[in-house]
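# Structure assessment
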Amino acid sequence: MDHKQDKIRILVKQGSKVRLVTMQEVIYIESLGRKAVLHLESETIEYYAKISQLEEQLSPYFFRTHRAYLVNLHYVESYNRREALLKNADAVLISKYRFGDFQKAMLQITENISTKKREN
């Protein structure tokens, strides 16, 4: 994964506790009402946040596939017109209006990974 991605952290406030979550730990983010649910490999974290603000903060590494989902592109295993299958076996919906942009984002991530492998 990208070293820039290591440095971006999400500030999570749960009551009186504050936690920093690195972006690369997050597989995807789900919007549930006024809360955001961070799906990590070993746990889920629920807290009050706007998915639109998270989308701005985490772009271009994350993509908003649907109004309810923000996906870490590095965790996408496969996809079709309806959904993306993630490396943790979860599937998230892809809006038909966002599918073209999602394909472009996946292509960009794939090209970036290929370029970095050639450089090493």
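As shown above, the structure is provided for reference.
Each value, and the rule that gives it
- Residues numbered from 1 in each chain as written.
- Predicted model: local features only at pLDDT ≥ 70, side-chain atom pairs only at ≥ 80, totals over all residues.
- Heavy atoms only, no water.
- Buried < 20%, exposed > 50% of the residue type's maximum accessible area, 1.4 Å probe, protein only.
- Helix = DSSP H or I, 4+ residues; strand = E, 2+ residues; numbered from the N terminus.
- Pairing = 2+ DSSP bridges.
- Axes fitted to C-alpha atoms, helices over the stretch in contact; angles between N-to-C directions.

## Here we look at the pairing of strand S6 (residues 62-66)
Here S6 lies mainly inside the structure; 5 of its 5 residues are buried. Relative to strand S7 (residues 69-72), S6 runs antiparallel, the two being bridged by 4 bridges. Paired with Phe63 across the bridge in S7 is Val71. Taking the residues between adjacent antiparallel strands as the criterion, S6 and S7 are bridged by 2 residues.

## Digging into the pairing of strand S2 (residues 17-22)
The pairing of strand S1 (residues 9-14) with S2 spans 6 bridges and is antiparallel. The residue of S2 that forms the bridge with Arg9 is Thr22. Hairpin connection from S1 to S2: 2 residues lie between these consecutive antiparallel strands, with Gly15 at a positive phi of about 65°.

## Topic: the sheet that holds strand S9 (residues 83-86)
Read across the sheet, 3 strands follow the order S8-S9-S10 without closing on themselves; strand pairing throughout is antiparallel. Edge strands, defined here as strands with exactly one partner in the open sheet, are strand S8 (76-79) and strand S10 (91-93). Between one strand axis and the next, the sheet turns through 30° on average, direction left out of account. Two elements, S9 and S10, share 3 bridges in a ladder whose sense is antiparallel. Looking at the pairing, Ala84 lines up with Val92 of S10.

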